Amino acid sequence: MKCALISLLISGASLWGGNQQPILQPVEFNVNSRYTVEAVELPREAESGISRGLRQDLERLIGQKFNPTAMNDVARRIRDELNVRKVVPRLLRGSSPDHVKIVMDVAGKRVDLSVPRLLYHSSEGLSGSVNGTLIAGDSRFTAGLVSDGDELVERFTGIRTRYENRHLGSDRVRLRFEFDSYHEQWNHSTLSALGQDSQVAGLYRTRQNFEPVVTIQVAKPLTVSFGAGFQRFETEGPGERTQLANAAITDVQYFQQFEGGVFGQQSLQADYSLRVATRALDSDYAYSRHRWELRYTVARGRQSLSEEAVGGFILGPAPLFERFQLGTSSMLRGWNKWELDPLGGSRVVYNSVEYRYGFFEAFYDAGAIWDPGQDMVVRHSLGVGVRKNSFLVATAFPIRGGRASPVFMVGMNY
Amino acid sequence: MRKVTRPWWLTAGLGATLLSGLAAPTLEVRLDRDDLHLDGDDLRVSAPAKFQFLSGKPLEKLKDGATLVYLAQLSLSASSEASTPLVRPAVNRFVVSYDVWEEKFSVTSTGVERATVSHLSATAAEGWCLDHLPLLIDGIPHDKALWIKLELRAEDARDQAGVVGDSGINLTRLIEVFSNPARAQQMHWEASAGPLRLEDIKRERRSSRSG
């Protein structure tokens, strides 16, 4: 069924509770106000995207006499929260006489220009991206520009394009094709380190990525993605040539929210991703990259506490863009990633605890990045920041002996 | 004199197309004398088949459970150009909804007399609304040439505050609403007849009387 049933009958709580709106039209003028609402339905995607308060107000409609003003009010609030083009409420006959059900039809935007992402990092410089999406039915065409000096060991600048079908025979199945083309720039630390380490693959000037992926929602909190990534890059230096890193991709994601109890709102997110590059896919590299991530958040009122753990390893020689990083704007903040490991690492463990109260946030990060044959050295950092809506200003310090230079970060949507 | 270049034509054409596309459709129909009747001192419009306001998009909304509010005015003037009516126009406000179980319309008149009717077909509901718009023609010579204008609008939220008060409907404010043209996005319907003489209009007895 396309729509998900929000809730069943609830107790006779008064309609609207704390969100009472002025009634502009007398309810009794609508002939359907004598019927009882038995259900409120909205698309599965919309259901997961609305706030807890709005979901509760939707549930309060059930069991009450139909109120067109209330129906229109929740439709408007759904539209505002989901930031969609329109939400059209429809009243249908219920399953039993004198009962009706409300179905919310959500019409997404035809064109969606994403808010640009910008980040200034005192050791990495400026990173940013902007996307535009054209929406036609279940299909989305996205094109964007990116220049990112944060995520990988190199700065990559170029275009990202994506086609996505969000209903491949079912709402549970999605298909995505992505094509990216980047030009790379390298930090001098990476250039110096590469000459001393013959185990790590070389530099490249340009990189293209083609990635077809199918995502299946196995259950409400569990999605599985599988596909392939075809990376082609032009190596630098004398004898430059084209190399391929073609890999099979698998990603398993779990996301669950819990509400109620003394801890208020809790969420658990777990992710495992695997990339296996093999000669069978005509790849010049043969390796496997495993990465786990677990994030638990508990929020109550203006406070929230998050715990994040990440682990990963790479077996076999992998190109530099596959190698793990710490010392970025999101992992082991406060450290300079090129000081930690200018070539990235093939092993990583990381843990972060973050506390937020209103605008204020404080975090403690710890992690290690290394290669086989090297010692695993755990490093720590502390930081504080202010986060308001999509804006972030933060500073973080590496915890170490001697002089510690802080890292400053100013971001929007990062 | 400024030369009109092709880009100007293109811009003007595109602009006109966009504006016409953005504006809500208006239905303008011509009434015959058979579409009118006299009931004592009241002039009424019968529901002509060509004057349908419970169709198209409004009908879709009603079938989705929405409540639609229509403002209606029937006025009489001495010429087709005259803006001043000969007598105080008849105005009313109708609240329409559609019963999703019985698939019938319900209408409530919230004007001078509050009345509600249900279990109506679309045509019957339209007829009921027009029948509850009686124009008092007391004192109008029966041999005088007259122009009759029927206007109907979907109520705009900006008008609602002035029209609907704690004590009910403000008829003077409702007449003022019709003195301004309908807004671009406001659904509106118009019908006119004239010149006609009252002596040429048939007489018919109905129950509802003008206030």
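Being a predicted model, the structure only gives us computed values, none of them experimental.

Another point: the overall build of chain A. On a plain count of helices and strands, chain A comes out with five helices and 21 strands. Across the 414 residues of chain A, 26% fall into the buried class. Partitioning the contacts of chain A with sequence separation of at least 6, the portion at a separation of at least 24 is 54%.

The helix and strand tally for chain B stands at five helices and 12 strands. Counting only residues that meet the buried cut, chain B has 33% of its 211 residues in that class. Across chain B, the fraction of contacts at a sequence separation of at least 24, relative to all contacts at a separation of at least 6, is 70%.

A few words now on the interface of chain A and chain B. Listed by partner, the interface residues are 15 residues for chain A and 14 residues for chain B. Residue composition of the side of chain A that touches chain B, by class: 10 nonpolar, three polar and two charged.

Turning our attention to the pairing of strand E17 (residues 347-357) of chain A. Residues and elements named next belong to chain A. Examined bridge by bridge, strand E16 (residues 303-315) and E17 share 11 bridges and lie antiparallel to one another. By the bridge assignment for E17, Ser304 is matched with Arg356. Across 11 bridges, E17 lies against strand E18 (residues 360-370) in antiparallel orientation. Bridged to Val353 within E18 is Tyr364.

Another point: the confidence of the model for chain A. Summary statistics for chain A give a mean pLDDT of 87 and a share of 92% for residues scoring 70 or more. A low-confidence stretch, residues 1-27 of chain A (pLDDT under 50), is modelled with 47 contacts involving residues beyond four sequence positions or located in other chains.

This part covers helix H5 (residues 171-179) of chain B. Residue and element names in this part refer to chain B. Listed as buried for H5 are Leu174, Val177 and Phe178. When H5 is viewed along its axis, its buried side chains cluster within an angular range of 95° and face the same direction. The exposed residues of H5 that point more than 90 degrees off its buried face are Thr172 and Ser179.

Take the sheet that holds strand E3 (residues 42-45) of chain B next. All names here are of chain B. With antiparallel pairing, three strands are arranged side by side in an open sheet as E2-E3-E8. In this open sheet, the two strands that pair with only one neighbour each are strand E2 (36-39) and strand E8 (135-136). Pairing of E2 with E3, which is carried by four bridges, proceeds in the antiparallel orientation. Each residue of the ladder has a partner; that of Leu36, found in E3, is Val45.

What follows deals with the packing of helix H2 (residues 52-61) of chain A against helix H3 (residues 68-82) of chain A. All names here are of chain A. Here H2 crosses H3 at 160°, and the two axes come no closer than 11 Å. In terms of orientation, H2 and H3 fall into the roughly antiparallel class. The interaxial crossing formed by H2 with H3 has left-handed handedness. Across the interface between the two elements, Leu54, Asp57, Leu58 and Leu61 of H2 pack against Ala70, Val74, Arg77, Ile78 and Glu81 of H3. Considering only residue class, the contact of H2 with H3 consists of six nonpolar, no polar and three charged.

This brings us to the confidence of the model for chain B. All names here are of chain B. Chain-level pLDDT for chain B is 78 on average; 76% of the residues reach the 70-or-more range. The low-confidence segment residues 17-23 (pLDDT under 50) makes two contacts with residues lying over four places distant or belonging to another chain. This prediction of the complex comes with two scores: 0.61 for pTM and 0.77 for ipTM.

Here we come to the environment of A:Ala39. Note that A:Ala39 resides in strand E2 (residues 36-43). On a C-alpha basis, the gap between A:Ala39 and A:Glu59 in space is 8.2 Å, while along the polypeptide they are 20 residues apart.

Moving on, we get to H2(A). Residue and element names in this part refer to chain A. What H2 keeps buried is the set Asp57, Leu58, Arg60 and Leu61. Buried residues of H2, viewed axially, fall in a sector of 155°; they line one side. Buried residues along H2 sit in contact with E2, H3 and strand E4 (99-107). Directly after H2, the chain includes Gly63, whose backbone phi takes a positive value near 90°.

Cut-offs applied
Residues numbered from 1 in each chain as written. Chains lettered and ligands numbered in written order. Predicted model: local features only at pLDDT ≥ 70, side-chain atom pairs only at ≥ 80, totals over all residues. Helix = DSSP H or I, 4+ residues; strand = E, 2+ residues; numbered from the N terminus. Buried ≥ 20, exposed ≤ 12 C-beta atoms within 10 Å, placed from the backbone. Contact = placed C-beta atoms within 7 Å. Nonpolar A, V, L, I, M, F, W, Y, C, P; charged D, E, K, R; others polar. Pairing = 2+ DSSP bridges. pLDDT = per-residue confidence, 0-100. Arc of directions from axis to C-beta. Axes fitted to C-alpha atoms, helices over the stretch in contact; angles between N-to-C directions. Parallel < 35°, antiparallel > 145°, perpendicular 65-115°, else oblique. Left-handed = near helix turned anticlockwise from the far one by under 90°.

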